[in-house]
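One-letter residues, chain by chain:
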Amino acid sequence: MSDTVLYALEAALNGLTVGIMYSLVALGFVLIFKASGIFNFAQGVMALFAALTLVGFQTGQVPFSHLINAAFGTSIHNFGWTMPTLLAIPATIAVMVGFAWLVERIVLKHLVNQAPIILFMATIGLAYFLEGLGDIMWGAEVKPLNVGLPQGMSRWVDETTFNLFGYGFFVDVLSLWALAIAAVLVTALVIFSQYTKQGRALRAVADDHQAALSVGISLRFIWVLTWSIAGLVALVAGIMWGSKSGVQFSLSLIALKALPVLILGGFTSIPGAIVGGLLIGVGEKLFDFFMQPVIGGATENWFAYMLALAFLLFRPQGLFGEKIIERV
Amino acid sequence: MLYREAGDFKTSYASDNQTFPIRFDRYAYWVVLLLAVCVVPFFLNDYWTKSIIVPFLIYVIAALGLNILIGYCGQLSLGTGAFMAVGAYATFKLTMMAPGLNVFVVFILAGLVTSAVGVLFGLPSLKIKGFYLAVATLAAQFFLIWLFTRQGWFFNYSPTGMITMPVRTMLGFAVTGPSASAAAIYLTCLFFVIVMAWLARNLTRGTTGRSWMAIRDMDIAAEIIGVNPLIAKLTAFAVSSFFVGVAGALLFGVQLGAAEAGEAFGINKSFLVLFMVIIGGLGSIMGSFLGAAFLVVLPVILKVLLVDSLGWPSDLARHLEVMIIGALIVLVLILEPHGMAALWRTIKDKLRLWPFPH
């Protein structure tokens, strides 16, 4: 096989692993959109916030230490202990559930029956708030995140591809783990929504709010539940992305990439989110690989959006979405 | 006491439909205008002009533009930053290609160029709406910024990737470049604000504006009563982009003097202008002024309050600002969806009866 094809294959493989990250964020979007019809712009910042909180718990940081130090002239930073990862993760999940509860109490409850566009703008506000809160609570510097996932080049992929093609591919082990974890997460979500009582209620609400209300499903509980699950998915995405390149602000920009992913996959489809993420991940890497000599690098910045734009013009419901019949 | 409409009789349709129906408002408007043009320029210092007044005036234009699109026509756009960049880069290219061209003409031409780009990216709005359209405008945001930072032609292959505005004069006074006086740049921006606000007010209350509002309120019904959605949506995109483009041109040419697309016109700028429109009031000219004033002044107040007087680190103040803005957006949407303009209206209604409520 020629070198170009091999390099392209390697680029595609790496794109696949980036795509998993997009899928994880997009998954959170889809969950909330299905259950409440809200397009949650804050999903990416939730991932950032979850990762920050996890690191904060692990290293025993004092929350709001910068603020307290500035206000009272003290200089506290750490509690002086560290928390094992196994304890820090449930603690972070508890924080995300608390956050979901607060969002429902303070924001969503008051915006019921508003136009989707108003809700969308409210989540943009929420994203800003959460971003500022995360930075004030835990500090804005880039933090390394280590939850014990293996890192570095995958020997196995390297050797297998070397034996096959005579050229070893460089793939991060972490990406393979991300792939596996994403698969487990999706399976768990599917089992939850298909076979448990709450999962069934969730699908009922997604189908028809009013009908679900009339058979006695508590809408407000379901909303807290979905936002909690979205928080959990955000945590997983945050852990993956954070272990790869440190917990930093750019994490929340990934959220924006999830928008084209959703348009590609369809707003209402969980498999769509996964496939869309993979397609965009591979697509942008391959596009960059082939087009770099022609139009210059860094096309990853816009390729996903332009692809989504093209999709919008020809297939607005996405690959797997339900057909929207609406005159514009 | 002063704020009364008793005795202020309207005898024609025109006088009934004027912008300021109450006599006191009318006088106040002329007094403010007179003060702004004839008195303020003599009392400007560099700090106030560069950090508060000129940004305020420029963002008023941008907010007016976005308000036309979102508030009047109901089409969400997240690409404001990129359209401002189009205005800025068009200004740069035009001044480089045609050095003799009057700088005001350049600013207006830059607006027209942005208008054309805006219509191009507005085309998807004929098929999609809501946050689908938001994604389409995000495509504009990232694609255009990439174009301006990666394709050398746009910044004349300057090694830093920055564009710089040369000195240009108007009526013998330098209005751009480092030698421009505070009064000159203030009056330049003020001129554009007055013209643009007048334009926006008259467009939105005429046929065009009414067809935009019809599309916003219910597109199908609008089509049935004879509004052409194609024309209404594309004119909204064109006019809105024109405003935003002029704002971008002024931001680059008059305020910054040198800019780099990714830094000066990134996605954060889009959100900033969007927030001005939301906090100020969707679908209100006054709201654009209030929103721009609020979000230009808020960071300055926070900085003076927290950093200068309490001695907090400046990054902490910035994070607090982000948090406050986010919370405000949510609060405004919950409590007063029509923003500060609606509060202003409530105050005026109360004032009309004050101090004798019966």
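Residues numbered from 1 in each chain as written. Chains lettered and ligands numbered in written order. Predicted model: local features only at pLDDT ≥ 70, side-chain atom pairs only at ≥ 80, totals over all residues.

Trainee: Looking at this structure, I do not really get the overall build of chain B. What am I missing?
Mentor: A count of helices and strands for chain B gives 15 helices and four strands. Computed over its C-alpha atoms, the radius of gyration of chain B comes to 21 Å, within 12% of the 21 Å expected for a compact globule of 358 residues. If you line up chain B on its principal axes, its C-alpha atoms span 70 × 55 × 45 Å. (Helix = DSSP H or I, 4+ residues; strand = E, 2+ residues; numbered from the N terminus. Rg over C-alpha atoms; globule rule 2.2 N^0.38 Å.)

Trainee: Help me understand the overall build of chain A, please; the structure alone is not making it clear to me.
Mentor: The secondary structure content of chain A amounts to 13 helices and zero strands. When the elements of chain A are put in sequence order from the N terminus, they spell out α-α-α-α-α-α-α-α-α-α-α-α-α. Counting all 328 residues of chain A, 45% fall into the buried class. A separation threshold of at least 6 residues defines the contact pool for chain A, and within that pool the share at least 24 residues apart is 73%. (Buried ≥ 20, exposed ≤ 12 C-beta atoms within 10 Å, placed from the backbone. Contact = placed C-beta atoms within 7 Å.)

Trainee: Any chance you could explain the interface of chain A and chain B here in plain terms?
Mentor: Frequently, the measure chosen for interface size is the accessible area that the parts lose on association. Contact residues are listed per partner, giving 42 residues for chain A and 38 residues for chain B. Those elements giving two or more residues to the side of chain A that touches chain B turn out to be helix 3 (65-72), helix 5 (116-138), helix 11 (250-265) and helix 13 (300-314) of chain A. Its residues assigned to classes, the side of chain A that touches chain B shows 33 nonpolar, six polar and three charged. (Nonpolar A, V, L, I, M, F, W, Y, C, P; charged D, E, K, R; others polar.)

Trainee: Would you mind showing me how to read the environment of A:Phe41 here?
Mentor: All names here are of chain A. When you line up the elements, Phe 41 lands in the loop between helix 1 (3-36) and helix 2 (43-59). Each C-alpha atom, one on Phe 41 and one on Leu 126, is 8.2 Å from the other, the two residues being 85 residues apart in sequence. Other than its neighbours up to four places away in sequence, Phe 41 contacts Phe 120, Thr 123, Ile 124 and Ala 127.

Trainee: Mind showing me how you'd approach helix 12 (residues 270-295) of chain A here?
Mentor: Turn by turn, an α-helix covers 3.6 residues, leaving residues three or four places apart pointing in a common direction. Helix geometry: helix 12 of chain A is bent most strongly at A:Phe289, by close to 40 degrees, with proline A:Pro293 lying one to four residues after it. Backbone geometry just after helix 12 of chain A places A:Gly296 at a positive phi near 95 degrees. (Bend = angle between axes of the 7 residues up to and from the residue.)

Trainee: Mind showing me how you'd approach the packing of helix 4 (residues 80-97) of chain B against helix 10 (residues 229-256) of chain B here?
Mentor: Helix packing geometry: the angle between the two helix axes and the distance between the axes. Residues and elements named next belong to chain B. With their axes 7 Å apart at the nearest point, helix 4 and helix 10 run at an angle of 60 degrees to one another. Our classification of the angle between helix 4 and helix 10 gives oblique. Read as a crossing pair, helix 4 and helix 10 show a hand that is right-handed. Residues Thr 80, Phe 83, Met 84, Ala 85, Val 86, Gly 87, Ala 88, Ala 90 and Thr 91 of helix 4 form the contact with helix 10, whose participating residues are Ser 241, Val 244, Gly 245, Val 246, Ala 247, Gly 248, Ala 249, Leu 251, Phe 252 and Gly 253. (Axes fitted to C-alpha atoms, helices over the stretch in contact; angles between N-to-C directions. Parallel < 35°, antiparallel > 145°, perpendicular 65-115°, else oblique. Left-handed = near helix turned anticlockwise from the far one by under 90°.)

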